Amino acid sequence: MAFHVLVVDDEKLIVKGIKFSLEQDGMEVTPAYDGEEALQLIKSSSFDLIVLDVMLPKMDGLQVCQQVREFSQVPIIMVTAKGEDMDKIMGLEYGADDYITKPFNILELKARIKAILRRSVKKGPAEGVAKNILKARDLELSYDSRRVFIQGKEINLTAKEFDLLELLMENPGKVYSREKLLDTVWGYDYPGDVRTVDVHVRRLREKIEANPSEPKYIFTKWGVGYYFN
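As the structure is a prediction and not an experimental result, all values here were calculated from the model.

### So, the confidence of the model for the protein
Thinking step 1. A residue-level look at the protein finds 87% of positions with pLDDT of 70 or above and a mean pLDDT of 82.
Thinking step 2. At the low end of the mean pLDDT range in the protein sits helix 4 (residues 85–93), at 64; at the high end sits strand 1 (residues 4–8), at 95.
Thinking step 3. This model gives residues 123–131 a pLDDT under 50, and the stretch forms nine contacts once residues within four places in sequence are excluded.

Structure (C-alpha cells):
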C-alpha cells in the first residue's frame, strides 16, 4: 500500500519537483498551494506525512501545523527559506517532527521522509508474548495504536514525542545523553542539534507531567542527559 504524502508550497515548480520525485518511489502525492487549502485537505483526507512550507498565502505553515495538531498527529516536515535556528525551533514548538531549509537537495528531503515513515510504521505486535502496553503508574503507552494515556485520558503526542517517550519508558533508569537521544530518535543523519531534544523533552513534560517543573516521569541528570523514573 503506497504512502500518501501532502506537499504544501506556493511555489508550484517546487511542488512539481517533489511530487515527481516521490512518485518515482511509488508514493501517492497530493499538492496544495496555500495554508487554507492544505488544512481543508488534511481534515477531509488521510495522509501518512505532510511536507509543509512555512511561508504560505492565506495561512502560514506554523498556523497550519498548530491547527493540525489539535486533531491529528500525522508526521509533519516543515520547510523554511530562513536559516535562523529560532525559526527551526519554532517549527518544532508548533508540533512539527522535522524541518529542512531551502534550498534543499531533493535526495535529502526524500531521506528524511523515508526515515519518518519507517519509524511511523515500525511498531507491530512483538513475537511470542504480546508487547502491546507499557505502563508506569498513571502513564500508559500502547505500542499497537501509538497512543498514550494518563489516568485513562488520551494525551496527544507527535510522532517524535511518542518515539522519545517510548525509548525512555523501555529503559527506566538509563540515562541518555542529548546526543544519544538525537542519534537514536532522529537518526544519525539528522542535521539539527541537541536543542531539538530539549524542546521535545519540555513539550513532553508539559503533556504528561502534572507539574513539569517537578517531574515524576522524565528526569534530568544534570550535565549528562535525561532518564525515565
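Still to come is the rest of the account.
### Section: the UniProt feature "modified residue: 4-aspartylphosphate" (unreviewed entry) in the protein
Thinking step 1. Residues given the UniProt feature "modified residue: 4-aspartylphosphate" (unreviewed entry) here are Asp53.
Thinking step 2. Inspection of the secondary structure assignment puts aspartate 53 in strand 3 (residues 49–53).
Thinking step 3. For aspartate 53, a relative accessible area of 3% puts it in the buried group.
Thinking step 4. Those residues in contact with aspartate 53 that sit more than four places away from it in its chain are Val8, Asp9, Asp10, Gly61, Val79, Thr80 and Lys102.

### Observations regarding the pattern of salt bridges
Thinking step 1. Summed over the entire model, instances satisfying the criterion amount to 16 salt bridges.
Thinking step 2. Between aspartate 25 and lysine 110 there is a salt bridge; the shortest N-O distance is 3.2 Å. Placement of the pair is aspartate 25 in the loop between helix 1 (12–24) and strand 2 (28–32) and lysine 110 in helix 5 (residues 106–121), with a sequence separation of 85 residues.
Thinking step 3. On the accessibility criterion, aspartate 25 (34% relative accessible area) is partly exposed.

### Digging into the sheet that holds strand 8 (residues 147–150)
Thinking step 1. Spatial strand order, 6-7-8-9: four strands in an open sheet with antiparallel pairing. The open sheet has two free edges, formed respectively by strand 6 (133–136) and strand 9 (153–155), since each of these has just one partner strand. Shown here is a sheet whose adjacent strand axes are inclined to one another by a mean of 25°, direction ignored.
Thinking step 2. Pairing of strand 8 with strand 9, which is carried by three bridges, proceeds in the antiparallel orientation. Residue pairing across strands places phenylalanine 149 opposite glutamate 154, the latter belonging to strand 9.
Thinking step 3. Most of the contacts of helix 6 (residues 159–170) go to strand 7 (residues 139–142), to which it runs at about 110°, and overall it touches strand 6, strand 7 and strand 8.

### Looking at the environment of serine 213
Thinking step 1. Along the polypeptide, serine 213 turns up in the loop between helix 8 (195–208) and strand 11 (218–221).
Thinking step 2. On the basis of relative accessible area, serine 213 is assigned to the exposed category, the value being 63%.
Thinking step 3. Residues serine 213 and arginine 202, spaced eleven residues apart in sequence, show a C-alpha to C-alpha distance of 9.5 Å.
Thinking step 4. Only 2.7 Å separates the side chain of serine 213 from the side chain of asparagine 211, close enough to count as a polar contact.

### Notes on the sheet that holds strand 12 (residues 225–228)
Thinking step 1. Reading across from one edge, 10-12-11 is the order of the three strands in this open sheet, with antiparallel pairing throughout. One side of each edge strand has no neighbouring strand; the edge strands of this open sheet are strand 10 (176–177) and strand 11.
Thinking step 2. One ladder, built from two bridges, connects strand 10 with strand 12; its direction is antiparallel. Note on strand 12: the bridge partner recorded for tyrosine 176 is tyrosine 226.
Thinking step 3. Most of the contacts of helix 6 go to strand 12, to which it runs at about 70°, and overall it touches strand 10, strand 11 and strand 12.

Procedures and definitions
Residues numbered from 1 in each chain as written. Predicted model: local features only at pLDDT ≥ 70, side-chain atom pairs only at ≥ 80, totals over all residues. Heavy atoms only, no water. pLDDT = per-residue confidence, 0-100. Helix = DSSP H or I, 4+ residues; strand = E, 2+ residues; numbered from the N terminus. Contact = heavy atoms within 4.5 Å. UniProt positions renumbered as here; feature names shortened; annotations may be inferred. Buried < 20%, exposed > 50% of the residue type's maximum accessible area, 1.4 Å probe, protein only. Salt bridge = Lys/Arg side-chain N within 4 Å of Asp/Glu carboxyl O. Pairing = 2+ DSSP bridges. Axes fitted to C-alpha atoms, helices over the stretch in contact; angles between N-to-C directions. Polar contact = N/O pair within 3.5 Å; in protein donor to acceptor, adjacent residues only side chain to side chain.

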